[in-house]
Amino acid sequence: MHRPALVPLAVLVLWLGAAQGNTATAGDSPKSPNIVLLLADDLGYGDVGAYGARFVRTPAIDSLAQQGVRFTQFFASANVCTPSRAGLLTGRYPVRSRLAGDVIFPEAEYGLGEGEVTLAEILKAAGYDTWIVGKWHLGHTPSAWPTRHGFDYFFGIQYSNDMEGVALFRNQEKIEDPLRQSTIHARLANEAARLIASSGDRPFFLYLPTVAPHYPNVPGKAFRKRSAAGPYGDVVEEMDAGIAKVLEAIEDSGKTRETLVIFTSDNGRAWDGSGGAARGGKAGTWEGGYLVPLVVRWPGVIPPGVTTSGLSMNIDLMPTLAAVAGAGVPADLQMDGRDVSALLLGAAVSPHEALYFFTGDRIAAVRTQRWRYLVRTFMQVWEIDHLDPGYRHPLLYDIETHGSELFNMADSEPEVLKRMQSLLDAGRKELEGIPQHQSVGD
């Protein structure tokens, strides 16, 4: 829907020079930064210390927030795993990748299409080494495998750790079946640290989608009963310890100042955890299903201790990181994400007029900086269409004023409701009705 606005080259060069402690000019050609993208699985917005956690300790993630920027209005592009990951890696609403209908189950014969352009592919073309360590969940047929979508190396699991047949792979080789749940968190961290320690002069992109705290929560022996939040809190603390190991590997390699580190989650909390002030959680259409933490550290470029409330989504990471890396994006690529580099530096004004939130392949809500217009909810086993002529009950929430979806303002703000309906109509016209779950072959 929107084309990314790339950061001017002269500004990029100055940023890159600052990151390496250099005085750069537009004629220099500094090295692109390493990129480490850490992705939690089903983490609650309120279960990170920097976001108000009371029962879980996350000192490593908190240190990233203290040393960089913390986003307070950042969202996943879906309320469940597969579509959210598709949005993150392609910069597109998941419906465009035909992966919005549901998560991919073991019997599925579809996945990320070969025609999709991923963040890993554009970074690889720009000279990056590209690695994924963790949960893929974008298809497990050969043509959907991560090494067919821009990654040089894969160490991890093919789909969620609660699914039948989940196993540990190195590239295409199955090396552990069944998966040992109590050791997977430590092994992912160790593998990520090993890759960083062995990295050479080429920039690298490390995508680390952890399996924590997705159910089942089976902490390693050293982390059992460590938190005040049960097994869920224990695996969050173990995940944080793994992140500390990754940060230590970056430091030991001497590449801290030339490495951009990002931490976020694929969607909101599931059964356990805190959504902060946000209502609802995973698989639902209230804001808590999509609101996730985002912290970004890049010493010398991103000022420490910055907070931004600018509206943004994980589809923005693709164009933003492409700009930062100086990587080319195909001119004909239809991308919905925007370059949010200015937000990384603390700006509060989003490049988005509005963001769309889906349940499956249908728009459930529209969000502007201030307002959230919700048109699909669930009650017990029923999905409620709030625009149904026989029921019509539009829900309009003032997030900026109330901090959450507390009071329906539809009757008292008719002009705002009219504008939000117009945005919804435009989104439906462009984004609904795209066939989903096309087979990608074998």
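In short, a report on the structure.

Definitions and cut-offs
- Residues numbered from 1 in each chain as written.
- Predicted model: local features only at pLDDT ≥ 70, side-chain atom pairs only at ≥ 80, totals over all residues.
- Heavy atoms only, no water.
- Phe/Tyr/Trp six-rings, centres within 6.5 Å; stacked < 30°, edge-to-face > 60°.
- Buried < 20%, exposed > 50% of the residue type's maximum accessible area, 1.4 Å probe, protein only.
- Lys NZ or Arg CZ within 6 Å of the ring centre and 35° of its normal.
- Helix = DSSP H or I, 4+ residues; strand = E, 2+ residues; numbered from the N terminus.
- Contact = heavy atoms within 4.5 Å.
- Salt bridge = Lys/Arg side-chain N within 4 Å of Asp/Glu carboxyl O.
- Pairing = 2+ DSSP bridges.
- Axes fitted to C-alpha atoms, helices over the stretch in contact; angles between N-to-C directions.

What follows covers the packing of aromatic side chains. Throughout the structure, instances matching the rule amount to 15 aromatic pairs. With 4.8 Å between their ring centres and 65° between their planes, Y45 and Y51 make a pair best called edge-to-face. Taking relative accessible area as the criterion, Y45 reaches 11% and is therefore assigned buried. Here Y51 falls in the buried class, since its relative accessible area comes to 9%. Taking 6.0 Å as the distance between ring centres and 75° as the angle between the ring planes, the aromatic pair formed by F71 and F74 counts as edge-to-face. Each member of the pair F71 and F74 is classed as buried. The structure contains a cluster of three or more aromatic residues connected by ring pairs, namely W136, F151, F205 and Y207. Of note, R70 hangs over the ring of Y51, and the distance from its end group to the ring centre comes to 5.2 Å.

Among the structural elements, I196 can be located in helix α5 (residues 181-197). Take I196: its relative accessible area is 0%, and that puts it in the buried class. Between the alpha carbons of I196 and F71 there is a distance of 26 Å; along the sequence they are 125 residues apart. When near neighbours in sequence (up to four residues on either side) are disregarded, I196 contacts W131, F204, L206, V246, A249, I250 and S253.

So, on to the pattern of salt bridges. Where charged atoms from two side chains of opposite charge approach closely, those side chains can pair. Applying the stated rule across the entire model yields 23 salt bridges. Taking the shortest distance from any N to any O, the salt bridge between E237 and R57 comes out at 3.1 Å. Remark: R57 occurs in the loop between β1 (34-40) and α2 (59-67) and E237 occurs in helix α6 (residues 230-252); sequence separation between them is 180 residues. E237 gets classed as buried once you look at its relative accessible area, which sits at 5%. Its salt-bridge partner being R376, residue D385 comes within 3.7 Å of it at the nearest N-O pair. The buried category is assigned to R376, whose relative accessible area is 8%. Three or more residues are tied together by salt bridges with common partners; here these are D41, R85, K135 and D266.

Time to look at helix α3 (residues 81-90). The buried fraction of α3 amounts to 10 of the 10 residues, a majority that puts the element mostly inside the structure. Looking at α3, one finds that the buried residues are C81, T82, P83, S84, R85, A86, G87, L88, L89 and T90. At the exit of α3 stands G91, carrying a positive phi of roughly 75°.

Our next topic: the sheet that holds strand β15 (residues 371-374). Taking strand neighbours across the sheet as the criterion, the 4 strands line up as β13-β14-β15-β18 in an open arrangement whose pairing is antiparallel. Lying at the two open borders of the sheet, with one neighbouring strand each, are β13 (355-359) and β18 (395-398). With direction set aside, neighbouring strand axes in the sheet form an average angle of 25°. Across 4 bridges, the pairing between β15 and β18 is antiparallel. From the neighbouring strand, Y373 faces β18, where its bridge partner is L396.

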